[in-house]
Amino acid sequence: NDSVAGRGCSFPIFDCGFNDKFNMNRAAFEYRGEFTPAAWGRAVYGYRFEDENGFVNQDFSGFIINSHGLRRNHELFGEGIFTKGRASLILGGRFVHNESFGDKGLPRVAASYRVLDDIGPLSGTTLRFAYGQGFKEPRLEESFGAVGAFGLVTLPNANLKPEENRSIET
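Since the model is a prediction, treat every value here as computed from it, not as a measurement.

Draft legend 1. Layout of the overall build of the protein. From N to C terminus, the protein includes one helix and nine strands. Going residue by residue from the N terminus, the α and β elements of the protein occur as β-β-β-β-β-β-α-β-β-β. Across the protein, contacts joining residues at least 24 apart in sequence account for 51% of those joining residues at least 6 apart. Summed over its atoms, the accessible surface of the protein is roughly 11300 Å², and 55% of this surface lies on carbon and sulfur atoms.

See the structure below:
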């Protein structure tokens, strides 16, 4: 808090009066289970809930930000892992419900095959393939505003979209 008056400054000069407060809370709950009905297969499944809650109150020489950000996220996920001899297959997915960005299904598949046994100079040679998708929302302060290092303002940007990616590995 810098309340020295009469410096004759105006925005964006940084030696001006300011008062800022940012309070953020992020809490989560996750359940993960595993089921192995046979030696050749197993399933992993679960649910995750996350609550992001933040308040910004800032007055930077008359440039005032008062905002509140709340985002609750739910995720269901599951994965089947199958092995037979030198081959393995993994099929999985995640369903994300993000309160700010809606619903998204994220598939994942991976397969591998060990070509050669443990004999010879190329023993353990394995062919692999994997495909997956990812989803990452902007940080709460990017969406709803915040005060960063040295009192610098992060203006809220409601137009930010989540990062998404596709990955292929061979």
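Draft legend 2. Spotlight on the environment of His97. Mapping His97 onto the fold places it in strand E4 (residues 87-98). Along the chain, His97 and Phe49 lie 48 residues apart, while their C-alpha atoms are 9.6 Å from each other. Among residues more than four places away in sequence, those in contact with His97 are Arg72, Asn73, His74, Gly102 and Asp103. A polar contact is formed between the side chain of His97 and the side chain of Asp103, at a distance of 2.5 Å.

Draft legend 3. Main features of the packing of aromatic side chains. The tally for this structure, following the rule as stated, stands at two aromatic pairs. Residues Tyr31 and Tyr45 carry aromatic rings whose centres are separated by 6.4 Å and whose planes lie at 45 degrees to one another, so their mutual orientation is tilted. Of this pair, Tyr31 sits in strand E1 (residues 18-38) while Tyr45 sits in strand E2 (residues 41-60), placing them 14 residues apart in sequence. A relative accessible area of 35% means that Tyr45 is categorised as partly exposed. Ring geometry for Trp40 against Phe82: centres 6.3 Å apart, planes inclined by 25 degrees, an arrangement best described as stacked. Of this pair, Trp40 sits in the loop between E1 and E2 while Phe82 sits in strand E3 (residues 63-84); the two residues are 42 residues apart in sequence, bridging distant segments of the chain. Residue Phe82 is classed as partly exposed on the basis of its relative accessible area, which comes to 33%.

Draft legend 4. Spotlight on the pattern of salt bridges. Evaluation of the coordinates by the stated rule reveals 12 salt bridges. Across the salt bridge formed by Glu99 and Arg72, the nearest N and O atoms sit 3.0 Å from each other. One end of the pair, Glu99, is in the loop between E4 and strand E5 (102-114); the other, Arg72, is in strand E3, with 27 residues separating them in the sequence. On the basis of relative accessibility, which here comes to 37%, the residue Glu99 falls in the partly exposed class. Between Glu79 and Arg108 there is a salt bridge, and its shortest N-O distance comes to 2.6 Å. In this pair, Glu79 sits in strand E3 while Arg108 sits in strand E5, placing the two residues 29 residues apart along the sequence. For Glu79, a relative accessible area of 25% puts it in the partly exposed group. A network of salt bridges, in which partner residues are shared, links Arg26, Glu30, Arg32, Arg48, Glu50, Glu52 and Arg71.

Draft legend 5. Just the confidence of the model for the protein, in detail. Of all residues in the protein, 74% attain a pLDDT of 70 or more, and the chain-wide mean is 80. Across the protein, the secondary-structure element scoring lowest on mean pLDDT is strand E7 (residues 146-147), at 53, and the one scoring highest is E4, at 95.

The rules behind each value
Residues numbered from 1 in each chain as written. Predicted model: local features only at pLDDT ≥ 70, side-chain atom pairs only at ≥ 80, totals over all residues. Heavy atoms only, no water. Helix = DSSP H or I, 4+ residues; strand = E, 2+ residues; numbered from the N terminus. Contact = heavy atoms within 4.5 Å. Areas by Shrake-Rupley, 256 points an atom, 1.4 Å probe, with all protein chains shown as cover. Polar contact = N/O pair within 3.5 Å; in protein donor to acceptor, adjacent residues only side chain to side chain. Phe/Tyr/Trp six-rings, centres within 6.5 Å; stacked < 30°, edge-to-face > 60°. Buried < 20%, exposed > 50% of the residue type's maximum accessible area, 1.4 Å probe, protein only. Salt bridge = Lys/Arg side-chain N within 4 Å of Asp/Glu carboxyl O. pLDDT = per-residue confidence, 0-100.

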